[in-house]
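Listed here are the chains, written in short residue letters.
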Protein chains: 2
Amino acid sequence: MGRGTRGACRATGVARNANIAKLQAGYLFPEIAKRRNAHQEANPDARVISLGIGDTTEPIPAVITDAMAGAAKGLNTLEGYSGYGAEQGKPDLRAGLCEAFYKGVMEPDEIFVSDGSKCDISRLQMMLGPGRSVAVQDPSYPAYVDSSVITGQTGEFDEASGQFDDIVYMTCRPENNFFPDLANTPRTDIIFFCNPNNPTGACATREQLQELVDFALKNGSIVVYDAAYAIFIEDDVPLTIFDIPGAKDCCIETCSFSKYAGFTGVRLGWTVVPKQLKFADGSPVIADFNRIMTTCFNGASNVAQAGGLACVKPGGMEGMMSLVNYYKDNCKLIRQTFVDMGFEVHGGTNAPYVWVGFDGRASWDVFAEILEKCDLVTTPGSGFGPGGEGFVRVSAFGHREDVEEACQRLQKIYGGK
Amino acid sequence: MGRGTRGACRATGVARNANIAKLQAGYLFPEIAKRRNAHQEANPDARVISLGIGDTTEPIPAVITDAMAGAAKGLNTLEGYSGYGAEQGKPDLRAGLCEAFYKGVMEPDEIFVSDGSKCDISRLQMMLGPGRSVAVQDPSYPAYVDSSVITGQTGEFDEASGQFDDIVYMTCRPENNFFPDLANTPRTDIIFFCNPNNPTGACATREQLQELVDFALKNGSIVVYDAAYAIFIEDDVPLTIFDIPGAKDCCIETCSFSKYAGFTGVRLGWTVVPKQLKFADGSPVIADFNRIMTTCFNGASNVAQAGGLACVKPGGMEGMMSLVNYYKDNCKLIRQTFVDMGFEVHGGTNAPYVWVGFDGRASWDVFAEILEKCDLVTTPGSGFGPGGEGFVRVSAFGHREDVEEACQRLQKIYGGK
């Protein structure tokens, strides 16, 4: 009898969480990684390029990494050592984020520093509890739907529609210029809204955002506004939802250094909860989110926070913009390649994603074909919801030479379209 | 009309999570911080010493911080840059943890690297979903009860008993040598068990752990075994629950570098889920925990993971042990001080906490008295549950000179006992 084992294996009497059983297959990105690996194994000599998951590739500017290295080194000294920090984040970082992104709009103590938006979305779900009604853009970042399913906001998965029951899917397609038809959208407690949008790359205008806020106010909904790509915005539209009148009464904003500063691996983000945002009983949402952050979280890494603080200082802001502009140049290349080949192309201007239509062909088929013929990983549009069917997302996160080669490979296969 | 505001403030129509409304006051440690700050404000010249929250104070050995600084610097280079990592942790760290702490017992892919045990406990709750019955040691680390309340495992708070309805509180007091009377404990789905125990410092023997495992197997329960202080064990008892026959069929273990390597601020922990652990329907628990980790989490910081990897290599292991021994020496001082003064003293041998009885006086009164008379922060035992009433926890995490001074101050006030 080995250690840790006594007699035959047996099941416990603990019931499985029925909500998790509802989830289909794996989470999208691990699924793509699996397929990529299978392709690589079958084709060991292929140099596979990934413009799939949206993972940053370029080094972080030295002014930021030096700050992190300094903080790490400091942990070896009495003066530089720090243990538990405030679960809500270091006060100077909260103040710096406020100054950099919410000056004159929000207060530092409305900003909660975290290990990233994906994690904050689940913590927001824990705060809300089960049984809240939810609306999402369709297509959208899978974490909104998946975390809603896990938390118990939804019914079962419907194979026919490819959707979960009891979620409102707000279709965002070329036909409606990627902005939902709110006049015909039923009320929900929560509206997840990602702007600029992942995966379509579309960016709502100021007027559209006002329409969204007015819709939420009218319905007494809370908008969870994901601004993870706001730094890529070129057009004259707000960088934060809190620039829209009324937003403080109906919005929570989540954002992250992942795409701002290449912190996908470093892990640092933040969520903004206005003090005046209230549940139906009049109690402040910020108090309950604070309780979740102090009970279910223990602060972002002090080293990562030192990096974040460097990001929001003058040299760091310039460093972030140089990274952003590098990816924006990639994006132009990708966009132009598909435009030149005569494809239906969206996004890629205010966001690092190009959304390419393939004449209504099934997304996973196109994904497989591009992987097979070009040794190139993209993301199938339908992985973001049925509204993404017929499209693939091409990410601008990659080394320039890889993006250039990917474009050449695509031209070779699809140039005669 | 200011930005973000439109007309009068108004509540949304989103119902507040009734489970959060059940929670009493604040989370224990922020509450203590508040009282400490109030004392400091009222006594601006006092040099307040904290042996309260259990926060590490000593610098991290250079072999570990150098690895983190190197990883941070590396993020500025093409070779050293890394973006999204596996949500479950870097493969070499999972292998290193397995080699260091679970050799021959568990496999690397049963170990999930995270940003800490407190966070993992909430993720385990998300995995379990609401409506699971829960048992906790009383007293115990507040996150077990609080996360259970938030997730919906409990009834309302009962003012008279100081307990939540529908939680089984397993009393651990000197009368039962701090090990629960399992023969008279009702079955629950989940048993939170911290060993060595926070706050009492008690450590169960091998026989007691076998009794716990057999109890869980008999009842079909899952034990969430918190081994955060295992490295402090001196006695001949197992360092992991998976050394106990049967444990792989009924246990999950969570652990952390917080107290091992002074990573309270760096944030790095892990949770071990055996492949053979099964829900009642026969489905593997590890699959659902993996789904939670990939959907609700995005990996621990790559810089922190570089530190963790250094920890489990030979030089790092020695560095960790030197830290542990430093705090153990503190603990001896504190323990002896109270013993010499004739107090009822428990713990402090296999754990960095000394559990001191004050003749049945209310814990918060004693806490306030020690803060007032000694400018010393402790933790009131009842903050860990009604079973802690009459005791205070004194933490061994502090600079030696502070611990020495704290002991002198205590002797001055309580030496004539």
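Residues numbered from 1 in each chain as written. Chains lettered and ligands numbered in written order. Predicted model: local features only at pLDDT ≥ 70, side-chain atom pairs only at ≥ 80, totals over all residues.

### Observations concerning the overall build of chain A
Quick reminder of the rule: Each helix is a run of DSSP H or I of at least 4 residues and each strand a run of E of at least 2, with the numbering of both proceeding from the N terminus. Here the globule rule is a power law, 2.2 Å times the number of residues to the power 0.38, and the radius of gyration is based on C-alpha atoms. Whether a residue is buried, exposed or partly exposed follows from its count of other C-beta atoms within 10 Å of its own C-beta, namely 20 or more, 12 or fewer, or something in between, respectively; the C-beta atoms are built from the backbone. We call two residues in contact when their backbone-placed C-beta atoms lie within 7 Å.
Of the regular secondary structure elements, chain A holds 13 helices and 15 strands. Whereas a compact globule of 417 residues would reach a radius of gyration of roughly 22 Å, chain A reaches 22 Å, a difference of no more than 12%. Expressed along its principal axes, the backbone C-alpha trace of chain A runs to roughly 70 × 60 × 50 Å. Among the 417 residues that make up chain A, the fraction classed as buried is 59%. Taking contacts inside chain A between residues at least 6 apart in sequence as the whole, the part at least 24 apart equals 72%.

### Quick look at the environment of glycine 104 of chain B
Within the secondary structure, glycine 104 of chain B sits in the loop between helix H4 (91–101) and strand E2 (111–114). Residues glycine 104 of chain B and aspartate 243 of chain B, spaced 139 residues apart in sequence, show a C-alpha to C-alpha distance of 9.9 Å.

### Considering the interface of chain A and chain B
As a reminder of what qualifies: Each residue gets one of three labels, nonpolar for Ala, Val, Leu, Ile, Met, Phe, Trp, Tyr, Cys and Pro, charged for Asp, Glu, Lys and Arg, and polar for the others, Gly among them.
The interface is formed by 94 residues belonging to chain A together with 94 residues belonging to chain B. Secondary structure elements with two or more residues in the side of chain A that touches chain B: helix H1 (18–22), helix H3 (62–74), helix H5 (117–128), helix H6 (142–151), helix H7 (206–219), helix H9 (285–296) and helix H10 (302–311) of chain A. Taken together, the residues that form the side of chain A that touches chain B break down as 42 nonpolar, 33 polar and 19 charged.

### So, the sheet that holds strand E11 (residues 344–347) of chain B
Definition in use: Strands were regarded as paired on the criterion that DSSP finds at least two bridges between them.
Read from one edge of the open sheet, 4 strands run E11-E12-E15-E14 (chain B), paired in antiparallel fashion. Looking at strand neighbours, the two that pair on one side only are E11 and strand E14 (379–380) of chain B, the edges of this open sheet.

### Quick notes on the packing of helix H11 (residues 314–340) of chain A against helix H13 (residues 400–414) of chain A
Residues and elements named next belong to chain A. Our working definition: Axis definition: a line fitted to C-alpha atoms, over the contacting stretch in the case of helices. Angles run 0 to 180 degrees between N-to-C directions. Relative orientations are named as follows: roughly parallel for angles under 35 degrees, roughly antiparallel for angles over 145 degrees, roughly perpendicular for angles from 65 to 115 degrees, and oblique for any other angle.
Between H11 and H13, whose axes approach to 10 Å, the crossing angle comes to 5°. With respect to H13, the axis of H11 lies roughly parallel. Counted together, Asn330, Leu333, Ile334 and Thr337 of H11 and Arg400, Val403, Glu404, Cys407, Leu410 and Gln411 of H13 form the full contact between these two elements. In the contact of H11 with H13, the residues fall into 5 nonpolar, 3 polar and 2 charged.

### Quick notes on the environment of valine 213 of chain B
The residue valine 213 of chain B is located in helix H7 (residues 206–219) in this model. Apart from residues lying up to four places away in sequence, valine 213 of chain B is in contact with Ile244, Gly246, Ala247, Cys250 and Cys251 of chain B.

### A look at H6 of chain A
Residues and elements named next belong to chain A. Counting buried residues along H6, 10 of its 10 residues qualify, which places the element largely inside the surrounding structure. Along H6, the residues that are buried comprise Pro142, Ala143, Tyr144, Val145, Asp146, Ser147, Ser148, Val149, Ile150 and Thr151. Glycine 152 occupies a position one or two residues after H6 and carries a positive phi of about 100°.

### Some details on the sheet that holds strand E11 (residues 344–347) of chain A
Residue and element names in this part refer to chain A. Taken together, the 4 strands give an open sheet; going across it, the order is E11-E12-E15-E14, and neighbouring strands pair in antiparallel fashion. On the outer flanks of this sheet lie E11 and strand E14 (379–380), each paired with one strand and no other. Taken together, the 4 bridges between E11 and strand E12 (residues 353–357) define a ladder with antiparallel strand orientation. Opposite histidine 346, over in E12, you have tryptophan 355 as the bridge partner.

### Some points on the environment of glycine 398 of chain B
Residue and element names in this part refer to chain B. Here glycine 398 is to be found in the loop between strand E15 (391–395) and helix H13 (400–414). Along the backbone, glycine 398 and leucine 51 are 347 residues apart, and their C-alpha atoms lie at a distance of 6.6 Å. With near-sequence residues (within four places) excluded, glycine 398 lies in contact with Ile49, Leu51, Thr57, Asn330 and Val403.

### Focus: the relation of the copies chain A and chain B
Here the second copy of the chain follows from the first by a rotation about an axis and a shift along it. Rules: We place the copies in one frame by least squares, fitting the C-alpha atoms of every residue whose pLDDT is at least 70 in both.
With an axial shift of 0.0 Å and an RMSD of 0.0 Å, the rotation relating chain A to chain B amounts to 180°. A rotation of that kind, with that shift, is consistent with a two-fold axis. It is alanine 69 of chain A whose C-alpha, among those of chain A, lies nearest the rotation axis, at 2.0 Å. An overlap of 100% is found between the interface residues of chain A and their copies at the interface of chain B, pointing to a shared contact surface.

### Re unusual backbone geometry
The general pattern is negative phi for most residues beyond glycine and trans for most peptide bonds. Residue proline 139 of chain A is reached from aspartate 138 of chain A by a cis peptide bond, and omega for that bond is 5°. Relative to the helices and strands, proline 139 of chain A is located in the loop between strand E3 (134–138) and H6. The amide bond that connects asparagine 198 of chain B to the next residue, proline 199 of chain B, takes the cis arrangement and shows omega of 20°. Summarising the element assignment, proline 199 of chain B is placed in the loop between strand E7 (190–194) and H7.

### Here's the deal with the domain arrangement of chain A
Accessible area lost during the coming together of the parts is what is often quoted as the interface size. Residues and elements named next belong to chain A. To keep things clear, this is the line we draw: An automatic or database domain assignment supplies the residue ranges for each domain.
Split into domains, chain A comes out as domain 1 (26–59 + 316–414) and domain 2 (62–313). Centre-to-centre, using C-alpha coordinates, domain 1 lies 25 Å away from domain 2. Between domain 1 and domain 2, the residue contacts involve 30 residues of the former and 40 residues of the latter. For the side of domain 1 that touches domain 2, the elements supplying multiple residues, two or more each, are H11, E11 and E12. Counted by class, the side of domain 1 that touches domain 2 contains 13 nonpolar, 13 polar and 4 charged residues.

### Overview of the pairing of strand E2 (residues 111–114) of chain A
All names here are of chain A. Covered by surrounding structure in E2 are Ile111 and Val113 together with Phe112 and Ser114, the residues of both alternating faces. Inspection of the sheet shows E2 paired to strand E10 (residues 269–272) by 4 bridges, in the antiparallel sense. Across the sheet, residue isoleucine 111 finds its bridge partner in E10, namely valine 272.

### Here we look at the confidence of the model for chain A
Rules: Confidence of the prediction at every residue is given by pLDDT, a number between 0 and 100.
The pLDDT averaged across chain A works out to 95; a share of 97% of its residues lies at or above 70. Across the predicted assembly, pTM comes out at 0.96 and ipTM at 0.96.

### Side note on the pairing of E3 of chain A
Residues and elements named next belong to chain A. Counted residue by residue, E3 has 5 buried out of 5 residues, so it is predominantly covered. Taking every second residue as pointing to the same face, both faces of E3 are buried, with Val134, Val136 and Asp138 on one and Ala135 and Gln137 on the other. In terms of strand pairing, E3 meets strand E6 (residues 167–171) through 5 bridges, oriented parallel. By the bridge assignment, valine 134 is partnered in E6 with isoleucine 167. One ladder, built from 3 bridges, connects E3 with strand E7 (residues 190–194); its direction is parallel. Across the sheet, valine 134 pairs through a bridge with isoleucine 190, a residue of E7.

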